[in-house]
Amino acid sequence: MRKTTYIQAINEAMRDEMRRDERVFLMGEDIGHYGGLFRVTRNLMEEFGEKRVIDTPISEQGFIGMATGAAMVGLRPIIELMYMDFFLVAADQIFNQAAKMYYMTGGVVNVPLVLRGQHGGGKRYGSQHSQSVESTFAQFPGIKVVTPATPYDAKGLLVAAIRDDNPVLFLEHKMLYFTRGDVPDADVDYVVPIGKADIKREGTDLTLATFSYTLLQALEAAEELKAEYGFDIEVVDLRSITPLDMETVLASVAKTGRLLAVHESQSNCGIGAEIVARIYEEAPYLLKAPARRLGMAPVSIPVSKVLEEEILPWKKNIKAAVLEMLR
Amino acid sequence: MTKPSLQASIPSALADVATAKVTLPNDELLKMYRSMFLIRRVEESLLELAESGKIGGAMHTAIGHEGSAIGAAWALNKTDYLTCTYRGHHHSLARGMDPKRAIAEVLGKATGFAKGKGGSMHFVDPSLGLMGANGIVGAQVPHATGMALAARIRGEDRVAITFFGDGALYQGLMHETFNMAQKWKLPVIFYCENNRYSEMTPISRTSSVSEIYNFVKAYGMVSVQINGNDVEVVYATVKEAAARARAGEGPTFIEGLTYRLSGHMAGDLETYRTSEEIEMQKQYEPLAVLQQRLIERGVSEDQLEKIRAEVEAEVEAAVEFAQDSPWPPIAEAYTDVYKV
Ligand SMILES: Cc1ncc(C[n+]2csc(CCOP(=O)(O)OP(=O)(O)O)c2C)c(N)n1
Ligand SMILES: [Mg+2]
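If you're wondering where the values come from, they're calculated on a predicted model, not measured in any experiment. (Residues numbered from 1 in each chain as written. Chains lettered and ligands numbered in written order. Predicted model: local features only at pLDDT ≥ 70, side-chain atom pairs only at ≥ 80, totals over all residues. Heavy atoms only, no water.)

Surveying the vicinity of ligand 1 reveals 22 residues, the closest of which are A:E60, B:Y86, B:R87, B:G135 and B:G167. At the site occupied by ligand 1, nearby residues are drawn from chains A and B. At 2.9 Å, a side-chain N or O of B:N195 approaches an oxygen atom of ligand 1. Here B:E199 contributes a side-chain N or O atom positioned 3.3 Å from a nitrogen atom of ligand 1. Isolated, ligand 1 exposes 580 Å² of accessible area, and the fraction of that covered by the protein chains is 98%. With respect to the pocket detection grid, ligand 1 is positioned in the largest cavity. Grouping the constituent residues of the shell around ligand 1 by class yields nine nonpolar, eight polar and five charged. (Near = heavy atom within 4 Å. Polar contact = N/O pair within 3.5 Å; in protein donor to acceptor, adjacent residues only side chain to side chain. Areas by Shrake-Rupley, 256 points an atom, 1.4 Å probe, with all protein chains shown as cover. 1 Å grid on protein atoms, 1.4 Å probe; cavity = no way out; pocket = protein on both sides within 12 Å on 5 of 7 lines; lining within 4 Å. Sits in = over half its atoms within 2 Å of the grid points. Nonpolar A, V, L, I, M, F, W, Y, C, P; charged D, E, K, R; others polar.)

Spelled out as structure tokens, the structure:
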């Protein structure tokens, strides 16, 4: 084991898979010569050349469509979107084309494509550069949604995503990029399976199911709730949204009797609402109190620091929600 | 990695330019100079504020791009619609937006023109015809074209101008819009601020077309390439395009060659270009060109200095105003979702 940043973990996953499998190639804006706006694709053009690391014009619909086409005939493209918000410019190619291809063709043509990039609030980027999109993507069968919170999970899940035969959305919260964590040595080939949650903190009083950056916020909230109120919160890292590992969530709620689902996409019709609905459908008898969700307030994301802090479902808001449930 | 060298400096790159050129009276040029210097100082002040951590997110300044904003603002009326990109401070200030409200907005303060909700990428003020800057490359172009359509439907004598970068031409919606604008002869002016870079990538690396103004020729659109750093050239060209639009002759595409002297955004390390390249471009930048012209036409250095001192004081006061302004009340986070 050694420590790396989240960025480096992702960079290594791409590098290793490109070394291992010559079908893997990259497309995106500023990713080649410059190495990516956030330096996530750094040095990859030097190693793999312009043929496999392609600097595109600002043509998201075009190059995501092209990646879909290349994937349909057996290549394994990885697309970097500079800001995940720009997926909307290419929405038809993602949702009507890539996601549905396998089903529409009766299992004859599949699309092994990875769409990755950074998203999320916290840096005052405003309404068109801060959204979290996992709940939107979860509405479309055929595309997997992966949301790692640690460098270890990021590397293992990206390797899994690249090897997956389906389109996979791989979400990197911008606040995670410079976080550090343990990652196996460079020569260790490991995979974190898509669709498997992980308990990041054990507890007995309440299950907090979350992922990506709100996981770090939830862990901090849990420590403070312990220190300040003596509550023991169990924090489940979902790691993937599609498929969703409800089994782990149910097992945790069997222990705690309480469930709070937290995420940065909209609360309204978000993945938290889905998790809460499933608890009521599958095991309502486990609950000692009503299950709840906490997501983004139903507004676009403002630039002003004070307003952004107010609406993000981060530590302060997580603690408030937990306290309402436990008192 | 490879540092691009610009194939041509601005004057020699003016290929088949067939544009009008005017000589504006000195008092008008002095007003332009004042506005241009104000934009420059606001942008520089904002960069300083960003460096000290007071501005988050992505802030794109237009240092070097002022010629297009000033020339167009003088050629059009405030009733003419304007949309632009995230790099849009200059257009708003050139149309007369109060620098106090502009800087306050970028800082996320309650006194900003959008109460701190929109910030640097979303400058807007309908009372000045400023119908919005946009964070999504290309998105503002159909908007302006739709405003031109609205003017046509209502029978109003208004034109719309939309500014976009060289990087925007590769978005499909641009071409959908060009076709409709030309087919319906809409009163719209497409102004490309070609600074030869799309973020950190020189446009020559990803474009199959080397002269951007050629793009729309297939649609039958009138298209010219001009020196976007010369306010008199920009003024004359936009004026002519507006006259064509008002006469029902349809859209005009203007490629204004320019160069951004600042980074793509605050904090840009600019490893993708050389300092020699930037130095070389400084001799063509709009403020230097205008200053030189004024001197040549008999304006004294003292007169210019007086203007600069006034502007310095105004911008300093605006920065102070913005910094001293309160944060928006928290309840503001929940308003403006729906109009009631
Ligand atoms: C649809 C979309 N894709 C990508 C981006 C990220 N982005 C912001 S500015 C920019 C470069 C635009 O270059 P250009 O159009 O030449 O304008 P300039 O910034 O040079 O003024 C890119 C890629 C975006 N904002 N929107
Ligand atoms: Mg450009």
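Another point: the domain arrangement of chain A. Residue and element names in this part refer to chain A. You can read the domains of chain A as domain 1 (2–183) and domain 2 (198–326). Taking the mean C-alpha position of each, domain 1 and domain 2 sit 26 Å from one another. Between domain 1 and domain 2, the contact holds 29 residues from the first and 26 residues from the second. Both faces combined, the contact of domain 1 with domain 2 buries some 2,100 Å², and carbon together with sulfur accounts for 58% of it. Where domain 1 touches domain 2, the interface holds two salt bridges. Across the pair D153 and R239 runs a salt bridge whose closest N-O atoms are separated by 2.9 Å. (Domains from an automatic or database assignment. Contact = heavy atoms within 4.5 Å. Buried area = accessible area lost by both parts, 1.4 Å probe. Salt bridge = Lys/Arg side-chain N within 4 Å of Asp/Glu carboxyl O.)

Under perfect tetrahedral coordination by four donors, a metal shows angles of 109.5 degrees; under perfect octahedral coordination by six donors, it shows angles of 90 or 180 degrees. Residue and element names in this part refer to chain B. At 2.0 to 2.2 Å from the magnesium ion (ligand 2) lie its protein donor atoms, namely D166 (OD), N195 (OD1) and Y197 (O). Here the donor residues of the magnesium ion (ligand 2) are spaced in sequence according to D-x28-N-x1-Y. Residue classification places Y197 among the buried residues on the basis of a relative accessible area of 4%. (Donors = N, O, S within 2.8 Å, 3.2 Å for Na, K, Ca; no water. Buried < 20%, exposed > 50% of the residue type's maximum accessible area, 1.4 Å probe, protein only.)

Quick look at the layout of surface pockets now. Its volume calculated, the largest pocket comes out at about 580 Å³. What lines the largest pocket is a set of 22 residues, among which A:F38, A:Y125, B:M265, B:A266 and B:G267 lie closest to the centre. When the residues that make up the lining of the largest pocket are grouped by side-chain class, the tally is 14 nonpolar, four polar and four charged. (Points joined across faces, edges and corners; volume = space filled by probe spheres on them.)

This part is about the packing of helix 9 (residues 246–256) of chain A against helix 10 (residues 271–282) of chain A. When two helices pack together, you describe them by how their axes are tilted relative to each other and by the distance separating the axes. Residues and elements named next belong to chain A. The N-to-C vectors of helix 9 and helix 10 enclose an angle of 70°; their axes lie 11 Å apart at closest approach. Judged on the interaxial angle alone, helix 10 and helix 9 are roughly perpendicular. Crossing of helix 9 over helix 10 shows right-handed handedness. Along its contact with helix 9, which presents M246, V249, L250 and V253, the element helix 10 presents I275, R278, I279 and E282. Class assignment of the residues belonging to the contact of helix 9 with helix 10 gives a composition of six nonpolar, no polar and two charged. (Axes fitted to C-alpha atoms, helices over the stretch in contact; angles between N-to-C directions. Helix = DSSP H or I, 4+ residues; strand = E, 2+ residues; numbered from the N terminus. Parallel < 35°, antiparallel > 145°, perpendicular 65-115°, else oblique. Left-handed = near helix turned anticlockwise from the far one by under 90°.)

Moving on, we get to the sheet that holds strand 6 (residues 144–146) of chain A. Residue and element names in this part refer to chain A. If you walk across this open sheet you meet the seven strands as 3-2-4-5-7-6-12, and the pairing is mixed. Strands at the two margins of the open sheet, each flanked by one partner only, are strand 3 (53–55) and strand 12 (240–242). Between one strand and the next, the sheet's axes are offset by a mean angle of 20°, whatever the strand orientation. Bridge analysis of strand 2 (residues 24–28) against strand 3 gives three bridges, and the strand direction is parallel. Each residue of the ladder has a partner; that of L26, found in strand 3, is V53. Across the sheet, helix 2 (residues 44–52) is in contact with strand 2 and strand 3; its angle to strand 3 comes to roughly 70°. Relative to the sheet, helix 3 (residues 60–72) contacts strand 2, strand 4 (76–81) and strand 5 (114–119), its axis offset from that of strand 4 by approximately 160°. (Pairing = 2+ DSSP bridges.)

Residue and element names in this part refer to chain B. Taking 1.5 Å of rise per residue, 16 residues should cover 22 Å, and helix 8 (residues 231–246) covers 22 Å from first to last C-alpha, within 8% of that figure. Of all 16 residues that make up helix 8, 12 are buried, and the element is covered over most of its length. The opening residue of helix 8 is D230, an N-cap whose side-chain oxygen sits 2.9 Å from the backbone nitrogen of E232. (Expected span 1.5 Å × (residues − 1).)

So, on to the sheet that holds strand 8 (residues 252–257) of chain B. Whether parallel or antiparallel, the strands of a sheet pair through hydrogen bonds between backbone atoms. Residues and elements named next belong to chain B. One open sheet accounts for six strands, arranged 2-1-3-4-8-7; its pairing is parallel. Sheet topology places strand 2 (130–134) and strand 7 (222–227) at the edges, where each strand pairs with a single neighbour. Taken over all neighbouring pairs, the strand axes of this sheet differ in orientation by 15° on average, direction set aside. Examined bridge by bridge, strand 1 (residues 81–85) and strand 2 share three bridges and lie parallel to one another.

Moving on, we get to the packing of helix 8 (residues 212–229) of chain A against helix 12 (residues 315–326) of chain A. All names here are of chain A. Following both chains from N to C, one finds helix 8 and helix 12 inclined at 55°, their axes separated by 9 Å at the closest point. Classified by the interaxial angle, the pair formed by helix 8 and helix 12 is oblique. Crossing handedness for the pair helix 8 and helix 12: right-handed. Between helix 8 and helix 12, the residues in contact are T214, Q217, A218, E220, A221, E224, L225, E228 and Y229 and K315, I318, K319, V322 and L323, respectively.

Bringing the pattern of salt bridges into the picture now. In the structure shown here, the tally under the stated rule is 55 salt bridges over all chains. A:K200 is the partner of A:D153 in a salt bridge, and the nearest nitrogen-oxygen pair spans 2.7 Å. Of this pair, A:D153 sits in helix 7 (residues 151–163) while A:K200 sits in strand 9 (residues 198–201), and the two are 47 residues apart along the sequence. For A:D153, a relative accessible area of 2% translates into the label buried. Among the salt bridges present, the one from B:D157 reaches B:R246, with a minimum N-O distance of 3.5 Å. On the criterion of sequence distance, the pair formed by B:D157 in the loop between helix 5 (140–154) and strand 3 (160–165) and B:R246 in helix 8 is long-range, its members being 89 residues apart.

Applying the stated criterion to the full structure yields four cavities of 30 Å³ or more. As for the largest cavity, its lining consists of 43 residues, and the residues nearest its centre are A:I58, B:Y86, B:V137, B:E199 and B:H264. Among the secondary structure elements, those contributing two or more residues to the lining of the largest cavity are strand 3, strand 5 (197–198) and helix 7 (203–206) of chain B. Per-class residue counts for the lining of the largest cavity are 18 nonpolar, 17 polar and eight charged. Taken as a whole, the second largest cavity encloses approximately 80 Å³ of empty space. In the lining of the second largest cavity, the residues fall into six nonpolar, six polar and one charged.

As a further point, take the confidence of the model for chain B. All names here are of chain B. Of the residues in chain B, 94% have a pLDDT of 70 or more, and the chain-wide mean is 93. When the criterion is pLDDT under 50, residues 1–18 qualifies, and its contacts beyond four places in sequence or with other chains add up to 42 contacts. Across the assembled chains, the prediction reports ipTM 0.90 with pTM 0.93. (pLDDT = per-residue confidence, 0-100.)

Residue and element names in this part refer to chain A. Judged by how many residues are buried, strand 4 sits mostly within the fold: six of six residues are covered. Along strand 4, one buried face is formed by R76, I78 and E80 and the opposite face, lined by P77, I79 and L81, is buried too. Note that strand 2 and strand 4 share five bridges and pair parallel. Looking across to strand 4, one finds that F25 is bridged to P77. Judged from the four bridges that link them, strand 4 and strand 5 form a sheet pairing that is parallel. In the strand pairing of strand 5, L81 is matched with G117.

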